[in-house]
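Now for the letters of each chain:
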Amino acid sequence: MKCFYNKIVIRILAIATLAYVMYYLWWRISFTLNPANLVFSLILLLAEIIGLIEFCLFLYMTWAIDDGQQSLEPLNSASVDVFVPTYNEELEILESTLLGCNLIRYPHTTYVLDDGHRPEVRMLADRLGCRYLSREKNEHAKAGNINAALSQTSGEFIVVLDADMVPQPDILDKTLGYFRKEKTAIVQLPQEFYNLDSAQHDHNPDHWHEQQLFYHVIQPGKNRINAPFWCGSPSVVRRAALESIGGVATQSITEDFLTSIRLNSKGWNIRYHNEALAFGIAPQSIHAYKLQRLRWAQGAMKILKSKDNPLIAPGLSMKQRISHFSAIFTYFSAYQKLIYLLVPSVILFTGMMPLAVSSGFGFMTRWAVYFLLVMLTNKALGRGYFKYFEVEKHNTIKMFTFIRASFSLFISKKLEFKVTPKHVEQSLQKKDRREMKSQIGVLLIVLASVVVGIVVFVVSPVHGETVLTNLTIALFWAVFNSAVILLALADVFKRLFKRQDYRFTISIPSKIVLPDAPSITAVAGDISVSGLSLILSDKKKLSSPIEIELTIPTGKLRVTGRIVYAGTSNGVQKAGVKFDQMDNITRERLYIYLFVTLPRMIYDDAQRKFSNPGASSPQKGFFHDCRRRRYKSA
């Protein structure tokens with residue numbers, strides 16, 4: 001499989017595919033349009049043209065990739081501020097991030113930028129030795145929060161971290177060296193997540209999630225053409241660069257993307273470092289997932305109709321124009337998706353043909369070659385991060401979200417910045433199912449058309465072999481569409497929201513400490529901030545309270561709690577423990593283990609499996625696959 005991702009193989013396949021796609025488009029326009037149903041015919045052609053443009057843009061940006069992982073000496077004398085903007089995140093989430101900030105090895109000052117004006121956040125910042133900043137008015141949301149902090153701080157460089165994005169200790173050691181080049185404004189890092197069963201993750205051991213193609217292929221590809229864009233968190237920013245453009249842009253709810261365009265326009269460069277150096281919380285629910293994507297898409301539409309449109313903004317190179325425009329154009333692929341879902345149903349319901357009647361078989365054979373070549377090339381260009389059915393599933397889920405966002409092009413209403421929810425409610429399952437009502441509606445239409453198509457074949461006479469061929473194509477196409485929608489719906493409807501706290505699946509030596517009796521050896525099977533599960537070596541009757549000693553990389557960690565369940569399964573005694581309230585030192589050690597140590601080790605383990613499929617993990621026996629269970633919310 002590795003030879004499939006060889007640079008020469010990728011380029012030969014890409015050139016061959018591009019040549020065939022151009023031929024296919026020429027053939028479609030020249031020979032297959034149906035004058036009798038010209039509008040319908042042109043709608044289908046439009047969908048294919050959108051796909052062709054997307055393919056060309058993807059090919060352009062991923063032709064070659066530059067990971068940006070250079071051995072650069074950090075700026076040893078630079079002053080660094082760490083900004084952690086927060087609004088309504090839970091204290092536990094914020095505490096884990098601040099503890100990670102305190103572990104950053106490079107000298108720095110951490111600032112908590114609290115737009116929630118919460119006394120408890122001030123107390124948390126004071127306890128952990130961080131500076132607390134707030135402002136009277138919450139104008140311009142996160143962008144305004146950062147700009148307000150710029151006027152009250154002085155660090156030459158700024159680490160920007162969302163309230164849930166826990167940094168690794170070496171985040172500055174690996175990034176500050178880029179700023180030896182005076183025109184480097186920002187070093188952007190990938191967004192990786194520790195809640196591995198979020199709405200955007202799949203269920204495989206490599207912990208693939210929907211944003212990995214962007215962060216591990218597209219952004220490194222943009223490095224090659226000097227056109228990565230700022231994604232906010234996690235990143236390191238040169239203060240002078242921000243100040244040169246008047247601070248973080250406030251005219252869009254995607255302030256990071258707009259700021260990127262303005263920085264590039266002024267001659268500043270953005271570099272992308274393709275190494276996970278912070279881990280956060282991915283959207284836990286479809287509701288949160290779609291809310292986040294809606295904000296991104298609406299912000300892109302606002303930029304498209306402004307003077308900062310990358311096609312007309314002054315100062316950008318042609319490569320930067322293409323790259324930034326591609327980030328906006330991708331949201332219009334939702335129209336292509338909707339057209340592809342509905343076209344076969346229209347054929348089956350009405351008998352209207354979008355193709356010339358005689359071109360059915362020719363279309364099917366040429367389209368099959370087109371589809372296979374494009375899929376193979378996308379897979380090759382995706383360097384292992386492109387998964388067709390996962391991509392289709394997510395495209396189906398967010399399709400109407402992007403279509404809704406596109407209406408922002410014609411509406412002057414001020415857009416509101418909404419923070420992506422990080423917490424879990426009991427009502428989330430109902431919310432998620434309601435979020436899919438449009439997809440359910442499309443599914444019902446498609447299934448009804450399949451029934452109609454079958455009836456036509458069985459009951460009604462079909463005149464002519466070409467008509468039969470066209471109807472057969474439409475029927476199989478509709479069946480395939482229903483399968484894709486069902487795949488997306490199944491992923492939403494089967495997910496459970498049982499726990500408030502995300503549980504890491506682990507396997508670490510433990511023991512139950514008993515007063516006046518020998519300790520019981522055990523293995524901790526999973527763990528969260530609120531409890532853990534144990535597999536006991538001996539069948540013993542346990543009673544609360546219980547004291548447990550965990551062996552973690554930093555030594556022994558003792559916690560106390562009460563037993564919430566105990567029983568035997570397959571001859572093995574298991575117990576579930578809910579932690580008692582901990583003192584600050586114990587809780588901080590637990591949080592550092594959970595949110596700094598564990599995510600890095602699990603991620604590195606997954607990367608080894610990704611790079612060498614089938615190889616045994618060097619940590620096997622210590623860390624198990626964290627994705628074996630159904631959704632346990634972060």
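What you are looking at is a predicted structure, and each value in this text was computed from that prediction instead of being measured.

Novice: Would you mind going over the overall build of the protein chain with me for this structure?
Specialist: Scanning the protein chain from terminus to terminus reveals 17 helices and 16 strands. A globule of 634 residues ought to have a C-alpha radius of gyration of about 26 Å, and the protein chain, at 27 Å, matches this closely. Looking at the protein chain residue by residue over its 634 residues, the buried ones come to 57%. A fraction of 77% describes how many contacts in the protein chain between residues 6 or more apart in sequence connect residues 24 or more apart. Accessible surface for the protein chain amounts to roughly 27,100 Å². Of this, 60% is attributable to carbon and sulfur atoms. Positive and negative side-chain charges of the protein chain, numbering 73 and 52 respectively, have mean locations separated by a distance of 5 Å.

Novice: Would you take a moment to explain unusual backbone geometry for this structure?
Specialist: Most peptide bonds adopt trans geometry, and most residues besides glycine take a negative phi value. With an omega of -5 degrees, the peptide bond running from Ser-233 to Pro-234 counts as cis. The omega angle of the peptide bond from Ser-544 to Pro-545 is -5 degrees, so this bond is cis rather than trans. Within the fold, Pro-545 resides in the loop between strand 13 (531-536) and strand 14 (546-552). Positive phi values are uncommon outside glycine, yet His-117 reaches one of about 55 degrees. For His-117, a relative accessible area of 38% translates into the label partly exposed. With a phi close to 50 degrees, Ala-141 is a non-glycine residue in the positive phi region. Here Ala-141 is to be found in helix 5 (residues 141-150).

Novice: Whenever I open this one, the pairing of strand 11 (residues 504-513) confuses me. Can you help?
Specialist: Side-chain direction in a regular strand flips from residue to residue, so the side chains alternate between the two faces of the sheet. Burial of strand 11 is extensive: eight of the ten residues sit out of reach of the surface. Relative to strand 12 (residues 520-527), strand 11 runs antiparallel, the two being bridged by seven bridges. Across the sheet, residue Lys-511 finds its bridge partner in strand 12, namely Thr-521. Counting the residues between successive antiparallel strands, the hairpin from strand 11 to strand 12 contains six residues, one of them, Asp-516, with a positive phi of roughly 60 degrees.

Novice: What should I look at first to understand the confidence of the model for the protein chain in this one?
Specialist: Low pLDDT means the predicted coordinates in that region are not meant to be read closely. On average, residues of the protein chain carry a pLDDT of 89, and 91% of them reach 70 or more. The low-confidence segment residues 615-634 (pLDDT under 50) makes 68 contacts with residues lying over four places distant or belonging to another chain.

Novice: Help me out: how do you make sense of the pairing of strand 14 in this one?
Specialist: Here strand 14 lies mainly inside the structure; five of its seven residues are buried. Across four bridges, the pairing between strand 11 and strand 14 is antiparallel. Bridging from a neighbouring strand, Val-513 pairs with Glu-547 of strand 14. Where strand 14 lies against strand 15 (residues 555-569), seven bridges are found, and the strand directions are antiparallel. Counted as the bridge partner of Ile-552 is Gly-555 from strand 15. Here strand 14 folds back onto strand 15, and the loop between the two strands holds two residues.

Novice: Looking at this structure, I do not really get the pattern of salt bridges. What am I missing?
Specialist: Oppositely charged side chains may form a pair once their charged atoms are brought near each other. The final tally for this structure, using the stated rule, is 28 salt bridges. Asp-115 is the partner of Arg-135 in a salt bridge, and the nearest nitrogen-oxygen pair spans 2.7 Å. In this pair, Arg-135 sits in the loop between strand 3 (131-133) and helix 5 while Asp-115 sits in the loop between strand 2 (109-114) and helix 4 (119-127), placing the two residues 20 residues apart along the sequence. Exposure remark for Asp-115: the relative accessible area of 6% places this residue in the buried category. Residue Glu-549 pairs with Arg-558 through a salt bridge whose shortest N-O separation is 3.0 Å.

Novice: Got a minute to help me understand the sheet that holds strand 10 (residues 278-280) in this structure?
Specialist: The strands making up a sheet associate through backbone hydrogen bonding, with each pair oriented either parallel or antiparallel. Ordered by their spatial adjacency, three strands build an open sheet running 5-10-7, and the pairing between neighbours is mixed. Two strands close off the open sheet at either side, each with one partner strand: strand 5 (166-167) and strand 7 (192-193). Pairing of strand 7 with strand 10, which is carried by two bridges, proceeds in the parallel orientation. Of the residues in strand 10, the one forming a bridge with Glu-192 is Phe-279.

Novice: Please clarify how the environment of Asn-204 should be interpreted in this entry.
Specialist: You can see Asn-204 is positioned in the loop between strand 7 and helix 6 (212-224). The spatial distance from the C-alpha of Asn-204 to the C-alpha of Met-436 is 24 Å, given a sequence separation of 232 residues.

Novice: For this particular structure, what's the right way to read the nonpolar core?
Specialist: General note: in soluble globular proteins, nonpolar side chains tend to be found buried as a group. Counting residues in each nonpolar core, the largest one holds 87 residues, and the members touching the most others are Phe-257, Ile-328, Val-343, Ile-347, Ile-397 and Ile-485. At eleven residues, the largest contribution of residues to this core is made by helix 2 (residues 38-62). In this structure, Val-343 is in contact with Phe-40, Leu-44, Pro-354 and Trp-477, ignoring residues within four places of it in sequence. Counting residues in each nonpolar core, the second largest holds 74 residues, with Leu-98, Phe-504, Leu-594 and Ile-602 among its members.

Novice: Sorry, what's going on with the packing of aromatic side chains here?
Specialist: Both the distance between ring centres and the angle between the ring planes are used here to describe each pair of aromatic rings. Under the definition given, this model contains 24 aromatic pairs. Measuring from ring centre to ring centre gives 4.8 Å for Phe-229 and Phe-257, while their planes differ by 50 degrees; the resulting arrangement is tilted. Separated by 28 residues along the polypeptide, Phe-229 in the loop between helix 6 and strand 8 (235-238) and Phe-257 in helix 8 (residues 255-265) bring together distant segments of the chain. One aromatic cluster is present, built from ring pairs that chain together Tyr-194, Tyr-502, Phe-504, Tyr-591 and Phe-595. Over the ring of Trp-268 we find Lys-183; its NZ or CZ atom is 4.3 Å from the centre of that ring. Here the guanidinium or amino end of Arg-224 rests over the ring plane of Tyr-60, the centre of that ring lying 6.0 Å away.

Thresholds, definitions, all that
- Residues numbered from 1 in each chain as written.
- Predicted model: local features only at pLDDT ≥ 70, side-chain atom pairs only at ≥ 80, totals over all residues.
- Heavy atoms only, no water.
- Helix = DSSP H or I, 4+ residues; strand = E, 2+ residues; numbered from the N terminus.
- Rg over C-alpha atoms; globule rule 2.2 N^0.38 Å.
- Buried < 20%, exposed > 50% of the residue type's maximum accessible area, 1.4 Å probe, protein only.
- Contact = heavy atoms within 4.5 Å.
- Areas by Shrake-Rupley, 256 points an atom, 1.4 Å probe, with all protein chains shown as cover.
- Lys, Arg positive; Asp, Glu negative; His and termini not counted.
- Charge placed at Lys NZ, Arg CZ, Asp CG, Glu CD.
- Pairing = 2+ DSSP bridges.
- pLDDT = per-residue confidence, 0-100.
- Salt bridge = Lys/Arg side-chain N within 4 Å of Asp/Glu carboxyl O.
- Core = buried A, V, L, I, M, F, W, Y, C linked by side-chain atoms within 4.5 Å.
- Phe/Tyr/Trp six-rings, centres within 6.5 Å; stacked < 30°, edge-to-face > 60°.
- Lys NZ or Arg CZ within 6 Å of the ring centre and 35° of its normal.

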